[in-house]
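A closer look at the structure
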Amino acid sequence: MKLFPRKNTPTETHIKADKIADDRVPDGLLRECPKCHHEIFANELDKFCECPYCFYGFRISAKKRLVWLVDQAWEWNKDIEPSDPLHFPDYPKKIEHAQKISGLKESVWTGLARINETKFALGIMDPTFIMGSLGQMTGEKLTRLFERATEEHLPVVLFTASGGARMQEGILSLMQMAKVSNAVAKHSQAGLFYLVILTDPTTGGVTASFASQGDIILAEPHAMVGFAGRRVIEQTIHEKVAPDMQDAENVLAHGFIDHIVKRAKEKKTIEWLIKVGGIHD
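Residues numbered from 1 in each chain as written. Predicted model: local features only at pLDDT ≥ 70, side-chain atom pairs only at ≥ 80, totals over all residues. Heavy atoms only, no water.

1. With respect to the pattern of salt bridges
Scanning all chains against the criterion turns up 13 salt bridges. A salt bridge links aspartate 200 to arginine 59, with the shortest nitrogen-to-oxygen separation between them at 3.0 Å. Taken together, the residues aspartate 200 in strand S8 (residues 194-202) and arginine 59 in the loop between strand S3 (39-41) and helix H1 (62-69) connect sequence positions 141 residues apart. In this structure aspartate 200 comes out as buried when scored by relative accessible area, which is 6%. Residue arginine 59 is classed as partly exposed on the basis of its relative accessible area, which comes to 41%. Connected through shared salt-bridge partners, Arg65, Glu220, Arg263 and Glu266 make up one network. (Salt bridge = Lys/Arg side-chain N within 4 Å of Asp/Glu carboxyl O. Helix = DSSP H or I, 4+ residues; strand = E, 2+ residues; numbered from the N terminus. Buried < 20%, exposed > 50% of the residue type's maximum accessible area, 1.4 Å probe, protein only.)

Have a look at this one:
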């Protein structure tokens, strides 16, 4: 498979672990797993940042995930960043803080990736960037990802992590659901493969649109998957809901998810699935 022609002179970035800041908790500090409630010392967490007891995947940045997910990556559209269409109070400060802690200018990393000799278009939503919220430029980056993958006849792999549409951008953020979904549909009509991996949390408008449109939908253990939050559901139906209602395992049991995959196995699983159904000459 040939690499993309250099239309916009994308920045090439070879992912190396020693160049990415380690965002695990400092040695000696305890972290409680939100699922099994075991207390875990920082030095018990490996590079995957999974709970050693139940394999829940702690929320990590997109750049940290790239370290162990792929062998090489080329980032696209890295300079796209949010605007402030509604002049929402303190929104620019929130964006500045999110950019600092995530290392991204918007809440999703997109680009070309390679695992061994298998190449694919990759998107990783970042929960450290305003909880991976779907803003106007998040949708733009994802749309361009699918459009370029369609043009270059590449499969798409997308890791979702989102609290939903970004309220600071109002209806413009909600419009991204239809915009990205349209690009996904054209990618599918071209006979191309789309793989979704749901991570904690995947909720709101992201779940209601492109996170649900994959040819195959995987999830990480115990990831929260849903539309509305528990409190909103309970206030609406005036009943308590089961504690595990929005756990990936429960969603799998009801047929929405195809399989649950631990982080240590994601790399091989992605490569195998693309080889089986995602590569087209």
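2. Focus on the UniProt feature "binding site: Zn(2+)" (unreviewed entry) in the protein
UniProt feature "binding site: Zn(2+)" (unreviewed entry): in the numbering of this structure it lies at Cys33, Cys36, Cys51 and Cys54. The largest pairwise C-alpha distance within this set of annotated residues, which runs over 22 residues, is 8.7 Å, so the set is compact in three dimensions. Counting through the fold element by element, cysteine 36 comes out in the loop between strand S2 (30-32) and S3. Tracing the chain through its elements places cysteine 54 in the loop between S3 and H1. (UniProt positions renumbered as here; feature names shortened; annotations may be inferred.)

3. Observations concerning empty space enclosed by the protein
For the structure on display, the rule yields 2 cavities of 30 Å³ or more. Elements with a contribution of two residues or more to the lining of the largest cavity: strand S6 (118-125), strand S7 (156-162) and S8. Element by element, the count of residues in the lining of the largest cavity is highest for S7, at 3 residues. A per-class count over the lining of the largest cavity returns 7 nonpolar, 3 polar and 5 charged. Forming the boundary of the second largest cavity are Ile197, Leu218, Ala219, Val261, Glu266, Thr269 and Ile270. When residues of the lining of the second largest cavity are traced back to their parent elements, those giving at least two are strand S9 (216-219) and helix H8 (263-277). (1 Å grid on protein atoms, 1.4 Å probe; cavity = no way out; pocket = protein on both sides within 12 Å on 5 of 7 lines; lining within 4 Å. Points joined across faces, edges and corners; volume = space filled by probe spheres on them. Nonpolar A, V, L, I, M, F, W, Y, C, P; charged D, E, K, R; others polar.)

4. Looking at the nonpolar core
Among the nonpolar cores identified, the biggest contains 33 residues, and Val70, Phe120, Leu122, Val157 and Ile270 are the most heavily contacted of them. For this core, the secondary structure elements donating two or more residues are H1, strand S5 (108-115), S6, S7, S8 and H8. (Core = buried A, V, L, I, M, F, W, Y, C linked by side-chain atoms within 4.5 Å.)

5. Topic: helix H3 (residues 136-151)
Counted at 1.5 Å a residue, the expected span for H3 with its 16 residues is 22 Å, and the 23 Å between its end C-alpha atoms agrees. Taken together, the buried positions of H3 are Met137, Thr138, Gly139, Glu140, Lys141, Leu142, Thr143, Leu145, Phe146, Arg148 and Ala149. Summarising the contacts, the buried residues of H3 are in contact with S5, S6, S7, helix H4 (170-189) and S8. Once H3 ends, the next one or two residues include histidine 153, with phi positive near 60°. (Expected span 1.5 Å × (residues − 1). Contact = heavy atoms within 4.5 Å.)

6. A closer look at the confidence of the model for the protein
Of the residues in the protein, 89% reach a pLDDT of 70 or more, and the chain-wide mean stands at 89. Across residues 1-22 the pLDDT falls below 50, and counting only partners more than four positions away or on other chains, this stretch makes 39 contacts in the model. (pLDDT = per-residue confidence, 0-100.)

7. With respect to the pairing of S8
For S8, a buried count of 9 out of 9 residues is recorded, marking the element as mostly surrounded by other parts of the structure. As paired strands, S7 and S8 are joined by 6 bridges and run parallel to one another. Among the inter-strand pairings, valine 156 is bridged to a residue of S8, identified as tyrosine 194. Crossover connection from S7 via H4 to parallel S8: handedness right-handed. One ladder, built from 4 bridges, connects S8 with S9; its direction is parallel. When the bridges of S9 are listed, leucine 195 appears paired with isoleucine 216. (Pairing = 2+ DSSP bridges. Right-handed = clockwise from strand over helix to strand, strands pointing away.)

8. Considerations on unusual backbone geometry
The peptide bond linking aspartate 200 to proline 201 adopts the cis configuration, its omega dihedral lying at -10°. With respect to the helices and strands, proline 201 occurs in strand S8. In this structure, histidine 37 takes a positive phi of about 70° despite not being glycine. Positive phi is not limited to glycine here, since histidine 87 has a value of about 50°. For histidine 87, the location among the structural elements is in the loop between strand S4 (72-75) and helix H2 (91-102).

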